[in-house]
Every structure is written in C-alpha cells, then in structure tokens.
Amino acid sequence: MNAPRRPCINPRCRRTFKRETGEPEAMEVCCGKCWRFLPVRLTRRYKALRARDRRIDRQVKKLQRQGRGARPSRLETLTAQIDRLHEANWREIHDFFHPTEKPVGLDTFLEEMLL
C-alpha cells in the first residue's frame, strides 16, 4: 500500500510530494513554483536561518574533533533559539498562503458595528 502523499502548503496548488516513512504527520512542504511566489524577505530569512544552523553544526563538530566539546546548556539554548526562529518564519510563510478570513483589530470592530 502506498503512503499518502503530502500536498503543497498552497491550497490552490495541486502538487504533491512523496511522504517518507518516519516523517512527522504535521510536516508541511512548499513546491518550487509556490516558493517563488513568496515575498523575497521570507525566502531570504529562511535561507539565512538554514545557513546559521549549518554553521553552528560545523562549529560543534570542529570542537568535537579537537576534543573540546561544546557546553550542552549553550548548545541547547542555540538549538532552541534557531528552532523558534524557524517556526516563526514558517508560520509567516504558511500565513502568506492561508490569509485570515476576518480582519484583525480595528477593522473587525468596525465591521461588527456596521452589522
């Protein structure tokens, strides 16, 4: 039996991707065509966060090769911070394709008062 396919994050896009075994169910993906529709600031931020993550991994491996392990508390803090920044960036990407249905703030208040 084939595993169900994972759809692109854009609801108007019909592309799907193979779901690998062991992947989390909630994992979202964006196809290349939809990725190019995103604002440049979001794609640049995503790229910068990935580069920062790779740089930290390289530095930790270098310290381990030299016999000087990185402090676990410092490493956990850095990992948690980068994960939080990745999640915030992905939330913005998700929200770009899934806009809120009602305006937030003053617009909502004015809309309720007119009804």
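Below, the structure is looked at part by part. What you see is a predicted model, and the numbers here were worked out from it, not measured in a lab. All residue numbers refer to positions counted from 1 along the written sequence of the respective chain. Under the rules for a predicted model, residues below a pLDDT of 70 receive no local features and side-chain atom pairs below 80 are neither given nor counted, while totals for whole chains, interfaces and linings still include all residues. Computation of side-chain values covers all heavy atoms of the structure but excludes hydrogens and water.

Right, let's talk about the overall build of the chain for a bit. Secondary structure is summarised from DSSP: a helix means a run of H or I of at least four residues, a strand means a run of E of at least two, and numbering begins at the N terminus for each. Looking only at helices and strands, the chain has four helices and two strands in total. Scanning the chain from its N terminus toward the C terminus, one meets helices and strands in the order β-β-α-α-α-α. Across the 115 residues of the chain, 20% fall into the buried class. Contacts are assigned to residue pairs that have any heavy atoms within 4.5 Å of one another. Taking as baseline every contact in the chain between residues at least 6 positions apart, the subset at least 24 positions apart corresponds to 48%. For the exposure calls, accessible area comes from a 1.4 Å probe over protein chains only, and a residue counts as buried if that area is under 20% of its type's maximum, exposed if over 50%, partly exposed in between.

Attention now moves to the state of the cysteines. Any pair of cysteine sulfurs within 2.5 Å is marked as a disulfide. With the rule as written, the count across this model stands at zero disulfides. Free cysteine: Cys-34, not disulfide-bonded; nearest cysteine sulfur from Cys-31 at 3.4 Å. Cys-34 gets classed as buried once you look at its relative accessible area, which sits at 3%.

Pairing of aromatic rings covers Phe, Tyr and Trp, the last through its six-membered ring, and needs centres within 6.5 Å; plane angles under 30 degrees mean stacked, over 60 mean edge-to-face, and all others mean tilted. For the structure on display, the rule yields three aromatic pairs. Taking 5.2 Å as the distance between ring centres and 80° as the angle between the ring planes, the aromatic pair formed by Phe-96 and Phe-97 counts as edge-to-face. Members of the aromatic cluster, connected to one another through ring pairs, are Trp-35, Tyr-46 and Trp-90.

Our next topic: the environment of Phe-17. Relative to the helices and strands, Phe-17 is located in strand β2 (residues 16–17). For Phe-17, a relative accessible area of 29% puts it in the partly exposed group. A sequence separation of 12 residues divides Phe-17 from Arg-5, and the C-alpha atoms of the two residues are 5.5 Å apart.

This part is about the packing of helix α2 (residues 40–65) against helix α3 (residues 72–97). Relative placement of two packed helices is described by the angle separating their axes and the distance separating the axes. Helix axes are fitted to C-alpha atoms over the stretch in contact, other axes to C-alpha atoms as well, and angles between N-to-C directions run from 0 to 180 degrees. Viewed as axis vectors pointing N to C, α2 and α3 meet at an angle of 160°, and their least axial separation amounts to 10 Å. Taken together, the axes of α2 and α3 are roughly antiparallel relative to one another. The handedness of the crossing between α2 and α3 is left-handed. Counting all contacts with α2, which are made through Arg-41, Leu-42, Arg-45, Tyr-46, Leu-49, Arg-50, Arg-52, Asp-53, Ile-56 and Val-60, the residues of α3 involved are Leu-75, Leu-78, Ile-82, Leu-85, His-86, Asn-89, Trp-90, Glu-92 and Ile-93. Only Asp, Glu, Lys and Arg are considered charged in this grouping, and only Ala, Val, Leu, Ile, Met, Phe, Trp, Tyr, Cys and Pro are considered nonpolar; every other residue, Gly among them, is considered polar. Of the residues assigned to the contact of α2 with α3, the class counts are 11 nonpolar, two polar and six charged. The labels follow the angle: roughly parallel below 35 degrees, roughly antiparallel above 145, roughly perpendicular from 65 to 115, and oblique for the rest. With the far helix as reference, a near helix turned anticlockwise by less than a right angle produces a left-handed crossing, and one turned clockwise produces a right-handed crossing.

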